[in-house]
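The primary structure of each chain is shown beneath.
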Amino acid sequence: MLDSPPTSATNMLDHQFLDMRHKLLILAADFDRIQRGDGGDELLESDPRVQQLREAAALLIADAPDRAKALQLAFSDKSEVLA
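About the criteria used
- Positions within a chain are numbered from 1, following the residues in the order the chain's sequence is written.
- Only residues with pLDDT of 70 or above have their local features reported here, since the model is predicted, and side-chain atom pairs are shown and tallied only from 80 upward, although totals for entire chains, interfaces and linings are computed over all residues.
- As a rule here, side-chain values cover all heavy atoms of the structure and leave hydrogens and water aside.
- Here a helix means four or more residues in a row that DSSP labels H or I, a strand means two or more in a row labelled E, and each is numbered from the N terminus.
- Helix span, expected: 1.5 Å multiplied by one less than the number of residues in the helix.
- Here a polar contact is recorded for every N or O atom pair within 3.5 Å, except that within protein the pair must consist of a potential hydrogen donor and a potential acceptor, and residues adjacent in sequence are included only if both atoms are side-chain atoms.
- The way it works is a 1 Å grid over only the protein atoms, where trapped points that fit a 1.4 Å probe form a cavity and open points with protein on both sides within 12 Å along at least five of seven lines form a pocket, and then any residue with an atom within 4 Å of a point lines it.
- Grid points are joined across faces, edges and corners, and a volume is the space filled by probe spheres set on the points.
- Classification convention: Asp, Glu, Lys, Arg as charged; Ala, Val, Leu, Ile, Met, Phe, Trp, Tyr, Cys, Pro as nonpolar; all other residues, Gly among them, as polar.
- Here, a salt bridge means any Lys or Arg side-chain nitrogen found within 4 Å of an Asp or Glu carboxyl oxygen.
- Relative accessibility thresholds used throughout: buried, under 20% of the residue-type maximum; exposed, over 50%; partly exposed, between the two (1.4 Å probe, protein chains only).

A. Representation of helix 3 (residues 48-61). Here helix 3 is 14 residues long and its end C-alpha atoms lie 20 Å apart, about the 20 Å a rise of 1.5 Å per residue gives. For helix 3, the side-chain oxygen to backbone nitrogen distance between the N-cap and R49 is 2.7 Å, and the N-cap itself is D47.

B. Fine view of the layout of surface pockets. In this structure, the largest pocket occupies an estimated 190 Å³ of space. Considering the residues around the largest pocket, the lining is formed by L24, L27, F31, L53, R54, A56, A57, L60, L71 and F75. No other element matches the five residues that helix 3 contributes to the lining of the largest pocket. Partitioned by chemical class, the residues of the lining of the largest pocket number nine nonpolar, no polar and one charged. A volume near 170 Å³ is recorded for the second largest pocket. As for the second largest pocket, its lining consists of Q16, D19, M20, K23, L24, L60 and R67. Per element, the largest residue contribution to the lining of the second largest pocket is five residues, and it comes from helix 1 (residues 9-36).

C. Highlighting the pattern of salt bridges. For the structure shown, the criterion picks out three salt bridges. Its salt-bridge partner being D19, residue K23 comes within 3.1 Å of it at the nearest N-O pair. Placement of the pair is K23 and D19 together in helix 1, with a separation of four residues, close to one helical turn. D30 is the partner of R33 in a salt bridge, and the nearest nitrogen-oxygen pair spans 2.4 Å. On the criterion of helical spacing, the pair formed by R33 and D30 is a turn pair, its members being three residues apart in helix 1. The class of R33 is partly exposed, set by a relative accessible area of 46%.

Right under this line is the structure:
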């Protein structure tokens, strides 16, 4: 099997940029719809799921490796398994 040459970061961004932008726009629109709903402002301030999403967004924009792993861990159940 032949190894393919590594893809440059620029090529990856060129290929993924529109899809990445689209996903961010969908997320922003979801937050806007929630905020416009009855009790939306209060929900966005108090719901722990929204807090999880805010923390995940901070991980996403952090200049650190392994963002996907960090996001997965952030959404993982942290309760202890009972034997």
